[in-house]
Amino acid sequence: MDKHSVLNRVKAVALSGACVMTATTAFAGEITVWCWDPNFNVAIMEEAGALYTAEHPDTTFNVVDFAKLDVEQKLQTALASGTTQALPDIVLIEDYGAQKYLQSFPGAFAPMSDVVDYSGFAPYKVKLMTVDDKVYGMPFDSGVTGLYYRRDYLDEAGFSPEDMQDITWDRFIEIGKQVEEKTGHKMTTLDLNDGGMTRIMMQSAGEWYFNEDGSLNIEDNAALKQALQTQADIANAGLIYPATGWSDYVNAFTSGNVASVITGVWITGTIKAQEDQAGKWGVAPIPSLEGVDGATHASNLGGSSWYVLSSSDVKDEAIDFLNEVYAKDVDFYQKILTERGAVGSLLAAREGAAYQQADPFFNDEKVWQKFSDWLNQIPPVEYGIFTNELDTAVTTNLQSLVDGKPVDEVLQAIQQQAEFQIQ
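Since the structure is predicted, the reported quantities are computational estimates derived from the model, not experimental observations.

(A) Region of interest: the overall build of the protein. Each helix and strand in the protein was counted, giving 17 helices and 11 strands. In terms of C-alpha radius of gyration, the protein reaches 24 Å, essentially the compact-globule figure of 22 Å for 423 residues. For the protein, the spread of C-alpha atoms along the principal axes amounts to about 95 × 50 × 35 Å. Taking all 423 residues of the protein together, the buried fraction comes to 52%.

Shown next, in the form of structure tokens:
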């Protein structure tokens, strides 16, 4: 090797070393995360951060626990004022509010479409974080819904677990009447001042309060119409153990007062906390809306996702972290399912050992496998930017339907109130 070749080789090695140093420097810093719920979101993010730090020891995490409302208020205030230095690198946003932030503050969040393979996630989660064909979030926990029912009460009324599979809401009402007649227990609990059940029913048929162009989808929304009428029918059939607020709602099924509850998978831990009820519960798909095109037995309630702020000094590092752990690490999802009851949105996680386990509390049903199967069947919808306002319009008018007002007039009232609220 001649003198010039040696010098060129030395330069190449030095340049290579410089590139490595640059890459290391670029991926070395503290990532600040805002989220809520210390026993769920905070704990899971800390676990994810520890996994990443093990492979990238120069990266540290500062996971800040706020109340959910505080996260939303601080984020809204900072984005509206343009004081980006007050923002974190990653923030947790509830799925219903994602489009509000993405559309109201264009450019505030970093797109991840060029890095993350979104084909591996539940489609409904990807849709809610997409604007103009760019995807901005990292899908996290799902609110996939199920029909939790008391096996012992249903058995006493003459129904088997097979009788609870893939039923309609009309059949649910019929079963509920017999359950109360033969056991004395109400079929379910429902807070008519909460919009959750309306959202569950509506999304199960692939509809929402808005069309894809953002316009209101109220008066001609067959799924919404049937969702409202069904709740009124359940109430008027006397099947509801009434609940006002969260505590009443939870107490209705933990105390054994009702034969079923229909809600998101995140309630599983609360149900299982009642050790004296082990073996007495079963899980089935939610009922479908009768006579509505596109009606399914799968839906969602709640859930949230992670977003990276464009103003972050460690934006690329934050995206790399989310991609490496939340988009690829199947073992991570087994751990957070086992320890936290978190059903993630990564479809590959369903093949892990934790999802295959039979649960003695549910009479050895493979409960997590069921929920993960239903997860992939949830119809994607356009959540829009005014879901909370529409919830208010619906709950304000639902009682009048229960009291006998025609459903078409109720829909008109919801439409008028919504137009006033979002103008």
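(B) Structural view of the layout of surface pockets. In this structure, the largest pocket occupies an estimated 1,100 Å³ of space. Those elements that provide at least two residues to the lining of the largest pocket are α2 (38–55), α8 (196–204), α10 (246–254), β9 (260–264), α11 (268–272), β11 (300–308) and α13 (330–340). Taken together, the residues that form the lining of the largest pocket break down as 15 nonpolar, 12 polar and 11 charged. Estimated volume of the second largest pocket: approximately 340 Å³. Forming the walls of the second largest pocket are 19 residues, and the residues nearest its centre are E72, E94, G97, K100 and N388. Among the elements of the structure, α3 (68–81), β3 (90–94), α4 (98–104) and α16 (387–402) are those that each provide at least two residues to the lining of the second largest pocket.

(C) Empty space enclosed by the protein, seen in detail. Going through the model one piece at a time under the given rule, you end up with 2 cavities of 30 Å³ or more. For the largest cavity, the calculated volume is near 50 Å³. Taken together, W169, F172, T188, T189, L190, M197, M201, Q231, I234 and I262 make up the full set of residues lining the largest cavity. Counting only elements with at least two residues in the lining of the largest cavity, the list comes to α7 (169–183), β7 (188–190), α8 and α9 (222–236). Broken down by element, the residue count for the lining of the largest cavity peaks at 3 residues, all from β7. Each residue belonging to the lining of the largest cavity can be placed in one class, and the counts come to 7 nonpolar, 3 polar and no charged.

(D) The arrangement of unusual backbone geometry in detail. Located in the positive-phi region is D37, a residue other than glycine, with phi close to 70°. Structurally, D37 is set in the loop between β1 (30–35) and α2. Residue D37 is classed as partly exposed on the basis of its relative accessible area, which comes to 33%. Here D364, not a glycine, exhibits a phi torsion of approximately 65°, which is positive.

Thresholds, definitions, all that
- Residues numbered from 1 in each chain as written.
- Predicted model: local features only at pLDDT ≥ 70, side-chain atom pairs only at ≥ 80, totals over all residues.
- Heavy atoms only, no water.
- Helix = DSSP H or I, 4+ residues; strand = E, 2+ residues; numbered from the N terminus.
- Rg over C-alpha atoms; globule rule 2.2 N^0.38 Å.
- Buried < 20%, exposed > 50% of the residue type's maximum accessible area, 1.4 Å probe, protein only.
- 1 Å grid on protein atoms, 1.4 Å probe; cavity = no way out; pocket = protein on both sides within 12 Å on 5 of 7 lines; lining within 4 Å.
- Points joined across faces, edges and corners; volume = space filled by probe spheres on them.
- Nonpolar A, V, L, I, M, F, W, Y, C, P; charged D, E, K, R; others polar.

Shape is all these values report; function is a separate question.
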